[in-house]
Amino acid sequence: MTALGWAQSWRIARRDLASGFRGLRLLFLCLFLGVATLAAIGSLTSAITGEIEERGQTILGGDIQIEMTQRELDAGERAELEKLGAFSETIRMRAMAQKVGATGDAPPAVLTELKGVDNAYPLYGALTLKNGTYAPLPADRILIGEALALRLSVKPGDQLRYGSADYTIADIIANEPDRVGEGFTLGPVAIVSMEGLRRSELIQPGSLFDAKYRIRLPAGADFAAVRKDLETRYDGKGWDIDDRSNAAPGTDRFINRMGQFLSLIGLTALIIAGIGVSNGVSSYLGLRRKTIATLKIIGAKSADIARIYLLQMGLVSAAAIVLGLIIGTLLPPMIVAVAGDVLPVSPQLRVYPLPLIIAAIYGALVAVIFTLPPLARAKVEPAAALLRSETAERRVRLDRTTWAMIGGALLGLLALILGTAEEPLFSASVIGATTLVLVLLWALGFGVKYLARKAGSPASPLVRMAVTNLYRPGAQTSALVVALGLSLTLFVTLAGIQTSLTAEIDQSVPKVAPNLFILDVPSGQDAALTDLVRGQEAKAELNIVPALRGTVVAVKGTRVADLGETADGAFLLRGERGVTYSAVLPEGSELTAGTWWAADYAGPPMVSLDAEQAALLDLTVGDMLTVSVLGREIEARIASLRKINWDTMGFNYVLVFTPNTFASAPHSLTATVTLPKGANAKNQEGAITRDLLKTYPAASVIAVDEVIGQVRTLLDQMAGAILAAASITILAGIAVLVGAIAASAQSRAYDSVVLKILGGTRRQILAVQAIEYALLAAALAAIALVLGMLAAWFVIVQIFEFGWAPDWSVVLSILAGGAVLTLSIGILGSLPLMAVRPAKALRTI
């Protein structure tokens, strides 16, 4: 018989496939799940980041933005910037909003983000309102966000008080064009004119506020060149300069990292599902072994067999990938509709080709890697071996061509992972860890078979048969160990992540957190502030700290702009940071190097630095650091390094200077207030807030429980995203389990029929299966606990940099529940074997 051509092979493949698709359903399902997940995550990430890039001018508020804290441009600087193009000024600060004439249960005041805008605002985009059209505001009018309207139960026409001024609410804000570029906020927004802001008298010497100056350049201007020129000309001023290509760096960085992390979870699911693909293909070829044997007997070559079934699997794989891409394209709009305000922007609903192409290539490579081995074995296996009993264990070596194709696909997969990753080392570590777990579980499967063979003969016949099933010819023990181990490991990982995220708020924070943060109290009011708070609660604890803002402009004499690339965690060099001074070691800090200065120190400026940041920047005691504060550069010698306990939720400053450095500079005081346990905290917080605002109208008060609520919401959203992506991985693990059951279905059917003929009951046959899976689950529980908790620790500590505090009772309960679930799936997969008729089963063996 001459070799079959592609046309003839296609006719045979199509007819054979039409007669029964059952064995390839697992191949289809596994590829579909993995590709759909990757396509959806990639499309959503591209949609959000693409929207941020496309709306860069609107999100930033201009082509160029200059930002500074606690000060404004002087007349000369402003005049120079106005020459560059259309110019707009905004000032943003935290301030307390009070409803004029409030009665009943209304809160005494609500912390808000008060924003003063000039008549040119916004340079790009539009500020839209619920009931009207935006126009420059009179000095006594205010626009508020809907969240503030709900908190204070106010509406247009009502009055709000900020500082020493009252404002009439003109309308409710529907959309603030530069909202994403403003970054994280602690309260709802309110907008007034610049004249209206100054009318409140909230801006005093030392007040904490952010001044932003936006420039709209003439058409065709090179915004990158303008930015670089400004950075050169005004180096040392402490300005934070951005352009429209980097409109929301924090949001962009978070979305990209979260997208990459979720994509790696999706890719891990696809790789795990590949084992299910291999099992499904093996099961399908097992059902087709007589057909393959017949083709070989009538003269078909090994290449013909490979071509026929490669066409079938290629068709099914292509259909799964195409459907996965379609679903992955349709899912982002649904996620956007459900998520609503959770997302930083509302992305355009469109097709993003690049993530779809990447997902399709991933699917194709995984299909090649996991379908070739069983197909290669089938094509070289002799016809006589194919016609022998399915229970016979057959070992067939793969040919060099197959190994070369699999190796090429693996290299292609690795190159794609690393080539598309923003952090290749991180991606490589995740994929390496996943591969290590799979190899470890696969090796453990062989270990289980070896131990079962050496275990002897248990007294109970059912237990003896279950143990024998673990190592008999054709046993799928290694695949079952991988499937059960992955499922249990994933259950433990999710439990560890979820409980640690919950503990980050529920356990750590309430034990140590103060009740109130107080901002913008005039300097020199330490004693008066203490008397005011203790007038409401004599046992209240206060920690009062001076507050300024500064920018590190030089390290060891080298300008920051000339340092080149720095470590990822070196946030000290990114923008402005909190700066303070203290005569004594601050609360929540311990010295790790150097000594603290004397309380009456009066020499050259010295600074104490966070030890972690010092290590990242290769700084030690004696090195010089230059910081720009209020436009003045101060060079200070590092006197000590400190380990900061960030969990206290107090005022933890990375940079603490000697008191003589800033004592005469205009600044304000911040304070934390901790009320004694058992006190009526809510009423006392309200009373302290009312008294404080009467005495210091420009001050702001932050209730810690509100901050905790916002953080809890953010962590819940992160946990939800991880759970949604990881659920696909769990489904992939279940698919592997189903595939392992399917791959051994015929041999198990033969066993069940023989047992029935010998008098075995359904209950006994199912008991053997249950004992087998229970033995595997028991053996795997310990290793799943170790592997799962290691994975959870990596996610919590290394990726999100949170505290590690899992709830072990919950973790163990979920491990037990996961074991019961996987056992149930295994037993349910065995139920069809009970319906096999002896005559039919014996004829097919």
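### Regarding the overall build of the chain
Within the chain, the regular secondary structure consists of 25 helices and 21 strands. For the chain, the proportion of contacts with a sequence separation of at least 24, taken over those separated by at least 6, is 83%. As displayed, the chain has an accessible area near 36900 Å², and 59% of this comes from carbon and sulfur atoms.

### Topic: the side chain of Asp623
Mapped onto the fold, Asp623 is located in the loop between α18 (611–616) and β17 (624–629). Although Asp623 is buried, it forms no salt bridge, and the closest oppositely charged side chain is Lys556 at an N-O distance of 4.3 Å. A distance of 2.9 Å separates the side chain of Asp623 from the backbone nitrogen of Thr620, its partner in a polar contact. Setting aside its immediate chain neighbours within four residues, Asp623 contacts Lys556, Asp618, Ala636, Arg637 and Ile638.

### Quick word on the environment of Ile241
Within the secondary structure, Ile241 sits in strand β10 (residues 240–243). For the pair formed by Ile241 and Glu67, sequence separation is 174 residues and the distance between their alpha carbons is 6.4 Å. Once residues lying within four places of it in the same chain are set aside, the contact partners of Ile241 are Ile64, Gln65, Ile66, Arg227, Leu230 and Glu231.

### Some remarks on the pairing of strand β3 (residues 110–117)
Counting buried positions over the eight residues of β3 gives eight, a clear majority of the element. A two-sided burial pattern is seen for β3, the buried positions comprising Val110, Thr112, Leu114 and Gly116 on one face and Leu111, Glu113, Lys115 and Val117 on the other. For strand β2 (residues 86–99) and β3, the ladder comprises eight bridges, and the chain directions are antiparallel. Residue pairing in the sheet places Met96 in a bridge with Leu111 of β3. By the bridge criterion, five bridges tie β3 to strand β8 (residues 189–193) in an arrangement that is parallel. Bridge pairing links Val117 to Ser193 in β8.

### Quick word on unusual backbone geometry
Here the residue pair Tyr121 and Pro122 is connected by a cis peptide bond, since its omega of -10° sits within 30 degrees of zero. If you trace the backbone, Pro122 turns up in the loop between β3 and β4 (128–129). The backbone phi angle of Ser153 is positive, close to 55°, even though this residue is not glycine. Here Ser153 shows up in the loop between α5 (146–152) and β6 (159–162). The class for Ser153 is exposed, based on a relative accessible area of 54%.

### Let's talk about the nonpolar core
Counting residues in each nonpolar core, the largest one holds 74 residues, and the members touching the most others are Leu27, Leu285, Tyr309, Met313 and Leu325. Element by element, the count of residues in this core is highest for helix α11 (residues 353–380), at 13 residues. One finds Leu114, Leu148, Leu202 and Leu230 within the second-largest nonpolar core, a separate group that totals 41 residues.

### As for helix α17 (residues 526–536)
For α17, the full list of buried residues reads Leu529, Thr530, Leu532 and Val533. Along α17, the residues classed as buried sweep out an arc of 160° about the axis, all on the same side. Facing away from the buried surface of α17 by more than 90 degrees, the exposed residues are Ala527, Asp531 and Gly535.

### Quick notes on the pattern of salt bridges
By the definition in use, this model includes 20 salt bridges. The partner of Lys556 in a salt bridge is Asp618, and the shortest N-O contact between them spans 4.0 Å. Pair noted here: Lys556 is in the loop between β12 (541–555) and β13 (558–559) and Asp618 is in the loop between α18 and β17, with a separation of 62 residues, a long-range link. Judged by its relative accessible area of 40%, Lys556 falls in the partly exposed class. On the basis of relative accessible area, Asp618 is assigned to the exposed category, the value being 58%.

### Description of the packing of aromatic side chains
Using the criterion set out here, one finds six aromatic pairs in the structure. Between Tyr234 and Trp239, the aromatic rings sit 4.4 Å apart at their centres with planes inclined by 20°, giving stacked as the arrangement. Across the pair, exposure class does not vary: Tyr234 and Trp239 are buried alike. Where Trp596 meets Trp597, the ring centres are 4.3 Å apart and the plane angle is 35°; that geometry is what we call tilted. Note on accessibility: Trp596 and Trp597 belong to one class, buried. Just above the ring of Tyr167 sits the side chain of Arg199; from NZ or CZ to the centre is 5.0 Å.

### Section: a nonpolar patch on the surface
A contiguous nonpolar patch, built from Val322, Leu323, Ile326, Leu330 and Met334 and spanning about 430 Å² of accessible area, is present on the exposed surface. Along the chain, the position of Leu330 falls in helix α10 (residues 302–339). According to the relative accessible area criterion, Leu330 is partly exposed, its value standing at 46%.

### Observations regarding the pairing of strand β18 (residues 632–644)
Remember that side chains alternate between the two faces of the sheet whenever the strand is regular. Pairing of strand β15 (residues 589–594) with β18 involves five bridges; the strand directions are antiparallel. Its bridge partner being in β18, Ser589 is matched across the sheet by Ile644. Of the pairings in the sheet, the one linking strand β16 (residues 606–610) to β18 comprises five bridges and is parallel in character. What sits directly across from Ser608, in β18, is Ser640. As paired strands, β17 and β18 are joined by six bridges and run antiparallel to one another. What sits directly across from Val627, in β18, is Ile634.

### Regarding the side chain of Glu89
With respect to the secondary-structure elements, Glu89 resides in strand β2. The exposure class assigned to Glu89 is buried, which follows from its relative accessible area of 6%. A polar side-chain atom of Glu89 sits 2.9 Å from a polar atom in the side chain of Arg78. Looking at Glu89, its side chain comes within polar contact range of the side chain of Tyr213, at 3.4 Å. Those residues in contact with Glu89, other than ones at most four positions away along the chain, are Glu72, Arg78, Gly116, Val117, Asp118, Met194, Arg198, Lys212 and Tyr213.

Criteria and thresholds
Residues numbered from 1 in each chain as written. Predicted model: local features only at pLDDT ≥ 70, side-chain atom pairs only at ≥ 80, totals over all residues. Heavy atoms only, no water. Helix = DSSP H or I, 4+ residues; strand = E, 2+ residues; numbered from the N terminus. Contact = heavy atoms within 4.5 Å. Areas by Shrake-Rupley, 256 points an atom, 1.4 Å probe, with all protein chains shown as cover. Buried < 20%, exposed > 50% of the residue type's maximum accessible area, 1.4 Å probe, protein only. Lys, Arg positive; Asp, Glu negative; His and termini not counted. Salt bridge = Lys/Arg side-chain N within 4 Å of Asp/Glu carboxyl O. Polar contact = N/O pair within 3.5 Å; in protein donor to acceptor, adjacent residues only side chain to side chain. Pairing = 2+ DSSP bridges. Core = buried A, V, L, I, M, F, W, Y, C linked by side-chain atoms within 4.5 Å. Arc of directions from axis to C-beta. Phe/Tyr/Trp six-rings, centres within 6.5 Å; stacked < 30°, edge-to-face > 60°. Lys NZ or Arg CZ within 6 Å of the ring centre and 35° of its normal. Patch = residues over 30% accessible without salt bridge, like charges linked within 9 Å, V, L, I, M, F, W, Y side chains within 5 Å.

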